[in-house]
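# Structural characterization, general
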Amino acid sequence: MTETAGRQGLDLSALSVGQRAEEVRRITPNALVFYTHASGDLNPLHLPELDGDGDGNPEGICPPAFLASLISSVVGQRLPGPGSRERAWRFETGEPVCIGDEVAIRVHLIAKHKDYVTLSASVDGPDGPALSAELDVVPPGQSRHFGPYDLPDLMVQRHRHFERLLTACSDIAPAVTAVVCPQSEDALAGALAAADRELITPILVGDPDAIAEAAHAAGRSLEGIRIEAAPDAQSAAALACKLVADGQAQSLMKGHLHTDTLLRAVLNRSHGLRTERRLSHVFVMDVPTHDKLLLVTDAAVNIAPDLQAKADITQNAIDLARALGVALPKAGILSAVETINPALPSTLDAAALSKMADRGQITGGLVDGPLAMDNAVDLEAARVKGLTGAVAGRADILVAPNLEAGNMLAKELTFVARAESAGVVLGAAAPVILTSRADSEFSRLMSCAVAALHAQWLKTGQPAPALCHPATEAAQ
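A brief report on the enclosed structure follows. Remember, predicted model here, so these are calculated numbers, not experimental data.

Within the largest apolar cluster, 55 residues are counted, with the highest numbers of intra-cluster contacts made by Leu 199, Val 284 and Leu 320. If one sorts the elements of this core by residue count, helix α13 (residues 441-460) sits on top with eight residues. If we skip the residues at most four places from it in the chain, Leu 320 touches Val 282, Val 284, Leu 295, Val 424, Leu 426, Val 450 and His 454. Listed in part, the 29 residues of the second largest apolar core include Ile 27, Leu 70, Ile 105 and Leu 109.

Time to look at unusual backbone geometry. Cis peptide bonds are those with omega within 30 degrees of zero, and the linkage from Thr 297 to Asp 298 qualifies with -10 degrees. Tracing the backbone through its elements, the reader meets Asp 298 in the loop between β13 (294-297) and α8 (307-323). Backbone geometry at Cys 181 places phi at a positive 55 degrees, although glycine is not the residue there. Relative to the helices and strands, Cys 181 is located in the loop between β8 (175-180) and α4 (185-196). For Cys 181, a relative accessible area of 2% corresponds to the buried category.

To characterise two packed helices, one gives the angle between the axes of the helices and the distance between these axes. It is the contact of helix α6 (residues 233-245) with helix α7 (residues 259-267), at a shortest axis distance of 9 Å, that shows an interaxial angle of 40 degrees. With respect to each other, α6 and α7 are oriented oblique. Between α6 and α7 lies a crossing of right-handed hand. Between α6 and α7, the residues in contact are Ala 233, Gln 234, Ala 237, Ala 238 and Cys 241 and Thr 261, Leu 262, Ala 265 and Val 266, respectively.

To continue, consider the sheet that holds strand β5 (residues 117-125). On the basis of which strands lie adjacent, the open sheet formed by five strands has the order β2-β4-β5-β6-β3 and antiparallel pairing. The open sheet has two free edges, formed respectively by β2 (20-26) and β3 (85-93), since each of these has just one partner strand. Looking at each pair of strands side by side, their axes are set apart by 20 degrees on average, direction ignored. The pairing of β3 with strand β6 (residues 128-138) spans eight bridges and is antiparallel. Bridging from a neighbouring strand, Thr 93 pairs with Leu 131 of β6. Sitting on the sheet, helix α2 (residues 64-77) is in contact with β2, β3, β4 (102-112), β5 and β6, with an inclination near 50 degrees to β6.

Counting across every chain of the model gives 17 salt bridges. Put simply, Arg 26 and Glu 102 hold a salt bridge, and the shortest N to O gap is 3.5 Å. Of this pair, Arg 26 sits in strand β2 while Glu 102 sits in strand β4, and the two are 76 residues apart along the sequence. Here Arg 220 ties to Asp 196 by a salt bridge, and the two come within 3.1 Å at their closest N and O atoms. Note that Arg 220 is positioned in the loop between α5 (208-218) and β10 (226-229) and Asp 196 in helix α4, a separation of 24 residues in sequence. It is possible to trace a salt-bridge network through shared partners that takes in Glu 22, Arg 106 and Asp 124.

For the rest of this paragraph, the subject is the packing of α8 against α13. Packing of α8 against α13 leaves a shortest axis separation of 9 Å and a crossing angle of 95 degrees. In terms of orientation, α8 and α13 fall into the roughly perpendicular class. Between α8 and α13, the residues in contact are Asp 319, Leu 320, Arg 322 and Ala 323 and Val 450, Leu 453, His 454 and Trp 457, respectively.

Let's shift gears to the side chain of His 161. Following the sequence through the fold, His 161 ends up in helix α3 (residues 160-169). For His 161, the side chain forms a polar contact with the side chain of Arg 164, separated by 3.0 Å.

Inspection of α7 places Thr 261, Leu 262, Leu 263, Ala 265 and Val 266 among the buried residues, and these make up the whole buried set. Next to the buried residues of α7 lie β8, α6, β11 (251-254), β17 (420-426) and β18 (432-433).

Evaluation of the coordinates by the stated rule reveals two aromatic pairs. Seen in terms of ring centroids, Trp 89 and Phe 91 are 6.4 Å apart; in terms of plane orientation they differ by 85 degrees. Their pairing is edge-to-face. Trp 89 sits in the partly exposed class, given a relative accessible area of 28%. Its relative accessible area of 45% is what places Phe 91 among the partly exposed residues.

This brings us to the sheet that holds strand β12 (residues 280-286). Taken together, the 11 strands give an open sheet; going across it, the order is β10-β9-β8-β11-β18-β17-β12-β13-β16-β14-β15, and neighbouring strands pair in mixed fashion. At either end of the open sheet lies a strand with only one pairing partner, and these are β10 and β15 (366-371). Across three bridges, β13 lies against strand β16 (residues 397-399) in parallel orientation. In the sheet register, Leu 295 faces β16, and the bridge partner there is Ile 397.

Here the focus is the pairing of strand β14 (residues 330-334). The buried fraction of β14 is high, at five of five residues. Side-chain alternation along β14 places Lys 330, Gly 332 and Leu 334 on one buried face and Ala 331 and Ile 333 on a second face that is also buried. Summarising the sheet, β14 and β15 pair through four bridges and their orientation is parallel. Paired with Ala 331 across the strands is Val 367, a residue of β15. The β-α-β motif built from β14, the intervening helix α9 (residues 345-358) and the parallel element β15 has right-handed crossover chirality. Bridge count for β14 against β16 is three bridges, and the pairing is parallel. Following the sheet pairing, Ala 331 is matched in β16 by Ile 397.

The subject of this paragraph is the environment of Thr 261. Checked against the element boundaries, Thr 261 lands in helix α7. Classification of Thr 261 by relative accessible area gives buried; the value is 11%. Residues Thr 261 and Ala 237, 24 residues apart in the sequence, show an inter-C-alpha distance of 7.3 Å. Every residue in contact with Thr 261, bar those within four places of it in the chain, is listed here: Ala 233, Gln 234 and Ala 237.

Thresholds applied
Residues numbered from 1 in each chain as written. Predicted model: local features only at pLDDT ≥ 70, side-chain atom pairs only at ≥ 80, totals over all residues. Heavy atoms only, no water. Core = buried A, V, L, I, M, F, W, Y, C linked by side-chain atoms within 4.5 Å. Buried < 20%, exposed > 50% of the residue type's maximum accessible area, 1.4 Å probe, protein only. Helix = DSSP H or I, 4+ residues; strand = E, 2+ residues; numbered from the N terminus. Contact = heavy atoms within 4.5 Å. Axes fitted to C-alpha atoms, helices over the stretch in contact; angles between N-to-C directions. Parallel < 35°, antiparallel > 145°, perpendicular 65-115°, else oblique. Left-handed = near helix turned anticlockwise from the far one by under 90°. Pairing = 2+ DSSP bridges. Salt bridge = Lys/Arg side-chain N within 4 Å of Asp/Glu carboxyl O. Polar contact = N/O pair within 3.5 Å; in protein donor to acceptor, adjacent residues only side chain to side chain. Phe/Tyr/Trp six-rings, centres within 6.5 Å; stacked < 30°, edge-to-face > 60°. Right-handed = clockwise from strand over helix to strand, strands pointing away.

By themselves these figures say nothing about function.
What follows is the structure, given as structure tokens:
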């Protein structure tokens, strides 16, 4: 008996009784997402993370049609291969197969006819045969080879890393959050949505009448929510900072006021939350095509940071990554190239930051640079460039050379790569949640979740559960 391999379609003359093909696969949640969309069967019981009432299929048992599609994939790729056509099926179901199980798909040519062949096939799971089948297949009229790029790529747009962050928040108390000037419908709705998810306990700071009008417009009740009156934005920002300084709140949230007004209050030496650390903004990004969270900094506060500012920016991001469960964050200092060039100042800063980390001036993570974007996040790109070390190709944090580069990078990931983002300002005595009207509701929720986990880390030193994706750990 011979083993048929590759993606070569075999015509009838190349087929004989006894030929076999076999593949081993692990059933992933994404595979069932693809099946659901392709089949039109939108039954959420096939997706265990969507089954919240306990009445369905928490084990993620695969439907028989999905298992049959695994056999079709071996028929269509291996035996007889590309160009073949199935014309009759006979099958029986067996033991259940669940998400996460490893299965063996076996196809055996048992009869050859004038213009078709008969195959015996099975899908075997950890508990025995899951599907046994016999099918008649018309092979291709002539042999044809398919290369690795003949099929289009597919992407599942799910934000699984943020889902794990939300799960981590379920184990901590909501962060008491002073919401500054929630006097527009969108600003108030964002805070109340986060409160509904028990991510924050809001204290609304601003004009009570304007807040009440915003609540009416949003169709929301303010019953049971603490409101602190302030006549204007400056007073509201100052009062919110005082609530944090007095221990009545753990974080700040921007409402309907200018970011500059809020940050001036945070930095005020008499009543603010200033520390020795420079303020910086971090986008926490869940990119559907990437196997772990990416932190992009600074994209919103520091326009053209000098070396010392970049050291604080890097340290703030490392601290946040640790709070989010990354045990040893890897910070890639970005430039246009990965070699030091005196004509390109960002490469000199990157080299200095790397050495500062070596000398203990930046702690809690690994720092390397300069790195170009490709070899910061892609292991193969790093290998081609001959880059070694723990950061190249594996960066958790991307430190941009200036605000323009950081902002463009974050916006490109959001609007081109379909990332969701959460944004916080760090370096003060408490995290500051920055939202805008352009943010999706999910993005607002995640900003609150990130701030809550960071506030928890500041208070207790306890990070979120480890968030490293298994594929990332394997690569490392």
